[in-house]
Amino acid sequence: METKLTLKSLSKQLKESIDLFICSASFEDRCFSVAQNISKSAKKTKKIVIFYNTNEYNQIIINSGKLFDLFGNRAQKIDLQSDNPISNVSKIIKYFSEFFSTNKKPKNILLDSTTFTHETLLIIIRILLFNKESINNIFITYVSAECYSFNESKPENKWLSAGIKQIRSVVGYPGQLSPARDYHLIILFGFESERTKKLIEEYEFSRISIAFGNRNESINDEHRELNHTRHKDLLSQYPIAEDFDISLTDPISAKNKILEQSLKFSNYNTIVAPMNNKISTIGAALAAVENPKIQLIYAQPITYNYTSYSKPKDECYLFSILHPNT
């Protein structure tokens, strides 16, 4: 199942009732897109959990309150700290342990992946898959952006985040690394070339693979061309790098491409840095679960383009990661 649809038709497409809706408050208006549409069908959504980072832009805290107000007493807010992944994991595990223990009947989960940080999204996916025997289905949504960095007219000046505060292994995806093997870095590249260069320069990788969004499956043509230009520039600067296409609309296809690329260098330690959209990030999570030798890392930004990150589009993607063909 992979469906591209308008936001207004989302509730109709979700034929089953949802036991838990998982979302993230953000500085982006896209954090409201799915929530506003499913809040209108109160009988369909039983519980809502809203995750939000309290140590960043104050608008995130304000928006967490707005999301909470959409759902009333069905909702619960959980505060996180983007600088403290260990504390975050403890809080997330505690919430899901309590949720799954309240009723043994398999649950239908809806996760809006759109505005989570890559790290928190990966952690939640790992916990959900660990509890898959208690889940009937996991549906995931991703809301498209009409445009990014919308206050900047020149494509070469568009940006989403800047700098790298810290590079760390994502909890739940440690990989099976051997000091006797060389390292192969796979980057799922968006258009943040400066952050990507800093990531490459931070480590001495023997092999580098840079995944570029499949040109036949682009979510936005303007973004695709900008990504393509910056992708070519990266390859010219790192001649040892090998490029390959990856789906930005289908997590199962993305997973398979990552696994295929890692197998080409199976005698290396494989490290994957998801830096493109959330759909390809979910593909990275699925790849690392299927092949536990793969380590996932998170390059935490120093700052985001808080004031003009994106404008939401009136469409989203809906898919299942437990039963992808349903």
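Up top is the structure these notes are about.
Residues numbered from 1 in each chain as written. Predicted model: local features only at pLDDT ≥ 70, side-chain atom pairs only at ≥ 80, totals over all residues. Heavy atoms only, no water.

Participant: How should I be thinking about the sheet that holds strand 13 (residues 295-300) in this particular structure?
Facilitator: Hydrogen bonds between backbone groups are what pair the strands of a sheet, and the pairing can be parallel or antiparallel. Ordered in space as 8-13-12-9-10-11, the six strands form an open sheet in which the pairing is mixed. The open sheet has two edge strands, strand 8 (166-169) and strand 11 (241-246), and neither has a second partner. Neighbour-to-neighbour, the strand axes of this sheet turn through a mean angle of 25°, independent of strand direction. The strands touched by helix 6 (residues 193-202) within the sheet are strand 8, strand 9 (183-188), strand 10 (207-213), strand 12 (269-274) and strand 13, with strand 9 carrying the most contacts at an inclination of about 170°. (Pairing = 2+ DSSP bridges. Helix = DSSP H or I, 4+ residues; strand = E, 2+ residues; numbered from the N terminus. Axes fitted to C-alpha atoms, helices over the stretch in contact; angles between N-to-C directions. Contact = heavy atoms within 4.5 Å.)

Participant: Could you clarify how one ought to interpret the side chain of S11 in this entry?
Facilitator: Tracing the backbone shows S11 in helix 1 (residues 10-13). Polar contacts involving the side chain of S11 include one to the main-chain carbonyl oxygen of N37, which spans 3.4 Å. (Polar contact = N/O pair within 3.5 Å; in protein donor to acceptor, adjacent residues only side chain to side chain.)

Participant: Please clarify how helix 3 (residues 58-71) should be interpreted in this entry.
Facilitator: For the α-helix, the turn length of 3.6 residues means that residues three or four positions removed from each other point alike. I60, N63, S64, L67 and F71 are the residues of helix 3 that are buried. The arc that holds every buried residue of helix 3, seen down its axis, measures 110°, which confines them to one face. Lining the buried residues of helix 3 we find strand 2 (18-24), helix 2 (30-38), strand 3 (45-53) and strand 4 (75-80). Positive backbone phi, approximately 65°, marks G72, located one or two places after helix 3. (Buried < 20%, exposed > 50% of the residue type's maximum accessible area, 1.4 Å probe, protein only. Arc of directions from axis to C-beta.)

Participant: Honestly, the side chain of K197 in this entry has me stumped. Any pointers?
Facilitator: Here K197 lies in helix 6. By relative accessible area, K197 is classed as buried at 12%. With residues near it in sequence (within four places) discarded, K197 still touches D233, L234, Q237 and Y238.

Participant: When you look at the pairing of strand 3 in this model, what are you seeing that I'm missing?
Facilitator: Two faces, one strand: in a regular strand the side chains alternate between the faces of the sheet. A large share of strand 3 lies buried, amounting to seven of its nine residues. Pairing analysis gives six bridges linking strand 2 to strand 3, with the strands arranged parallel. The residue bridging S24 from the neighbouring strand is F51, located in strand 3. On the question of chirality, the crossover connecting strand 3 to the parallel strand 4 by way of helix 3 is right-handed. (Right-handed = clockwise from strand over helix to strand, strands pointing away.)

Participant: Whenever I open this one, the pattern of salt bridges confuses me. Can you help?
Facilitator: Note on pairing: side chains with opposite charge can pair once their charged atoms come close. In this structure the tally under the stated criterion is 11 salt bridges. In this structure, K165 engages D83 in a salt bridge whose closest nitrogen and oxygen atoms are separated by 3.2 Å. Taken together, the positions of K165 in the loop between strand 7 (161-162) and strand 8 and D83 in the loop between strand 4 and helix 4 (85-102) put the pair 82 residues apart, joining distant regions of the chain. Residue D83 is classed as partly exposed on the basis of its relative accessible area of 41%. Across the pair K313 and E315 runs a salt bridge whose closest N-O atoms are separated by 3.7 Å. Residue K313 is classed as partly exposed on the basis of its relative accessible area, which comes to 23%. Under the relative-accessibility criterion, E315 is labelled buried at 14%. The network of salt bridges with common partners includes K4, K313 and E315. (Salt bridge = Lys/Arg side-chain N within 4 Å of Asp/Glu carboxyl O.)

Participant: Can you walk me through the state of the cysteines in this structure?
Facilitator: Here, disulfide denotes a covalent bond that connects the sulfur atoms of two cysteines. As enumerated under the stated definition, the model contains zero disulfides in all. The thiol sulfur of C31 is not disulfide-bonded, and the nearest other cysteine sulfur, from C23, lies at 7.8 Å. You can see C316 has no disulfide; the closest cysteine sulfur is in C23, sitting 14 Å from it. (Disulfide = S-S within 2.5 Å.)

Participant: What should I look at first to understand the packing of aromatic side chains in this one?
Facilitator: Geometry of an aromatic ring pair is reported as the spacing of the ring centres plus the angle between the planes. Inspection of every chain in the model, using the stated rule, returns 15 aromatic pairs. Measuring from centroid to centroid gives 6.2 Å for F51 and F116, while their planes differ by 50°, and the two rings are tilted. With F51 in strand 3 and F116 in the loop between strand 5 (107-112) and helix 5 (118-130), this residue pair connects regions lying 65 residues apart in the sequence. Since its relative accessible area comes to 1%, F51 is described here as buried. Ring centres of Y304 and Y306 lie 6.0 Å apart, and the angle between their planes is 55°; on these two criteria the pair is classed as tilted. (Phe/Tyr/Trp six-rings, centres within 6.5 Å; stacked < 30°, edge-to-face > 60°.)

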